[in-house]
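Breakdown of the fold
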Amino acid sequence: MNKKEFFIGIVVITFICALSGYLLSYIYKITMPRIEKIKKIKENKINKEIFPEGVNFIEKEMDGIKYISVLNLNDEEIGKIFEVKTLGYGGYIYLKVGIDKDMKIKGIKIKEHSETPGLGSKITENKFLDQFTGKTKDDIYLKKDNPNGKIDAVTGATISSRSVVESVRKLLEKIKEEK
Amino acid sequence: MKKIIDFKVFLNGIWKENPILFIMLGLCPVLAVSGSVKDALGMGIAVIFVLTGSNFVISLIRKIVPSHVRIPVFIVVIATFVTITDYTIAAFFPQIHKNLGVYLPLIVVNCIILGRAEGFASKNNVFNSILDGLGMGLGFTLIIFVISSFREILGNGTFMGKPILGSNYNPFLIMIMPPGAFLVIGLLIALKQKIEKRKKIC
């Protein structure tokens with residue numbers, strides 16, 4: 001390869017990269033507002049599902065933990081929503097945990113997960129998630145792991161269920177310590 | 001002599017040199033997203049778009065790209081198309097985007113696309129390259145559609161998310177899991193071989 005060929009190669013590749021960069025920035029500008037909007041709507045929907053009586057959802061931070069403070073019509077805080085990340089069977093599971101003033105679980109929702117479809121993905125169903133409602137940290141064990149536990153694991157998806165249960169309990173313990 | 005527009009190129013990708021059944025490239029997304037028909041179709045359409053677009057651009061610039069930088073140039077072109085697709089699907093079809101997950105950006109490293117860029121578009125004119133992209137893309141979509149139909153109906157009792165086999169149907173869980181995809185692909189490849197063989201004898 002002589003010097004001229006080498007130089008042409010550099011010019012061509014630089015030109016193509018620049019062109020592609022320009023095109024992508026254009027596409028980004030068109031699509032990003034929509035993508036952000038969809039994300040926000042989804043987030044709000046989950047918050048509202050956990051606290052149907054909540055009116056205002058305000059992002060706050062307490063000792064380095066981010067949470068969403070839920071206000072009712074009279075601007076009183078009726079609970080908090082925390083986001084937890086935990087390692088499941090097929091990757092990270094992102095949970096949203098709503099906790100009311102008495103440190104009881106108000107509701108939990110799975111925001112994102114990559115568990116096995118048909119098995120682990122059943123952790124997103126209400127049949128599993130509704131078991132958490134009203135429980136305190138001493139109840140949150142799988143029935144098969146601890147005699148005090150009050151949560152039934154999803155059939156065939158013990159690892160996914162356990163990881164959800166453990167992460168919710170750890171969250172409750174962490175908040176209690178800080179109070 | 002090669003014709004300027006050769007429609008055989010189009011049919012080639014759909015049946016004879018089908019990317020999944022004959023070239024056997026790009027099997028990873030086929031295994032991964034063929035669990036439901038909707039996702040499979042989303043993936044297929046994304047692949048058609050990226051394949052046709054990158055074939056078009058690459059055959060357009062094939063004469064000005066020196067051969068020693070061709071692979072990085074191809075990858076940049078492919079990555080551009082994939083990113084465009086990724087953003088568009090995220091903005092307009094969020095549910096499909098969520099289900100396809102990481103496999104959408106991974107089209108960049110899908111061997112069919114680089115394979116066709118290197119093996120076809122960089123040696124043929126623009127029209128034939130577009131036809132090749134469309135044909136290969138459709139061939140891919142068709143097969144992933146067939147595989148996902150089998151897997152969704154047998155493994156989940158649904159088609160396009162709607163239950164069709166009734167509530168007392170007990171699904172084959174294995175069909176929804178990765179082994180199911182291997183089974184169906186294997187059977188389809190065998191079927192194609194059988195048909196080809198019969199053709200030869202006749």
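Residues numbered from 1 in each chain as written. Chains lettered and ligands numbered in written order. Predicted model: local features only at pLDDT ≥ 70, side-chain atom pairs only at ≥ 80, totals over all residues. Heavy atoms only, no water.

1. Things to note about the overall build of chain B
Each helix and strand counted, chain B has 10 helices and two strands in total. Secondary structure elements of chain B occur, N-terminal to C-terminal, as α-α-α-α-α-α-α-α-β-β-α-α. Here the C-alpha radius of gyration of chain B, 18 Å, is about what a compact globule of 202 residues would show, namely 17 Å. Dimensions along the principal axes, computed over C-alpha positions, put chain B at roughly 60 × 50 × 25 Å. Counting every position in chain B, which comprises 202 residues, the buried fraction comes to 47%. Across chain B, the fraction of contacts at a sequence separation of at least 24, relative to all contacts at a separation of at least 6, is 75%. Of the roughly 10,200 Å² that chain B leaves accessible, carbon and sulfur atoms contribute 73%. Where the 19 positive side-chain charges of chain B centre and where its 8 negative ones centre are 7 Å apart. (Helix = DSSP H or I, 4+ residues; strand = E, 2+ residues; numbered from the N terminus. Rg over C-alpha atoms; globule rule 2.2 N^0.38 Å. Buried < 20%, exposed > 50% of the residue type's maximum accessible area, 1.4 Å probe, protein only. Contact = heavy atoms within 4.5 Å. Areas by Shrake-Rupley, 256 points an atom, 1.4 Å probe, with all protein chains shown as cover. Lys, Arg positive; Asp, Glu negative; His and termini not counted. Charge placed at Lys NZ, Arg CZ, Asp CG, Glu CD.)

2. A closer look at the sheet that holds strand β1 (residues 56-62) of chain A
All names here are of chain A. The strand order across the open sheet formed by five strands is β1-β2-β3-β4-β5, and the pairing between neighbours is antiparallel. Every other strand in the sheet has two partners, leaving β1 and β5 (105-112) as the edge strands with one partner each. Here the average twist between neighbouring strands, direction ignored, is 25°. Sheet topology note: the strand β3 (residues 77-87)/strand β4 (residues 92-100) ladder contains nine bridges and is antiparallel. Directly across from T86, in β4, lies its bridge partner I93. (Pairing = 2+ DSSP bridges. Axes fitted to C-alpha atoms, helices over the stretch in contact; angles between N-to-C directions.)

3. Focus: the interface of chain A and chain B
Taken together, the contact pairs 24 residues of chain A with 23 residues of chain B. The junction of chain A with chain B conceals about 1,900 Å² of combined surface from both sides, 85% of it contributed by carbon and sulfur atoms. Three residues stand out in chain A for area buried against chain B, namely I13, I16 and L24 of chain A, and they jointly supply 23% of the buried area on that side. Inspection of the region where chain A meets chain B yields zero salt bridges. Counting the contacts that link chain A with chain B gives two residue pairs in polar contact (both at pLDDT 80 or more). (Buried area = accessible area lost by both parts, 1.4 Å probe. Salt bridge = Lys/Arg side-chain N within 4 Å of Asp/Glu carboxyl O. Polar contact = N/O pair within 3.5 Å; in protein donor to acceptor, adjacent residues only side chain to side chain.)

4. Thoughts on the confidence of the model for chain B
Here chain B shows a mean pLDDT of 88. Residues at 70 or above account for 99%. Reported confidence for the predicted complex is 0.79 by ipTM and 0.77 by pTM. (pLDDT = per-residue confidence, 0-100.)

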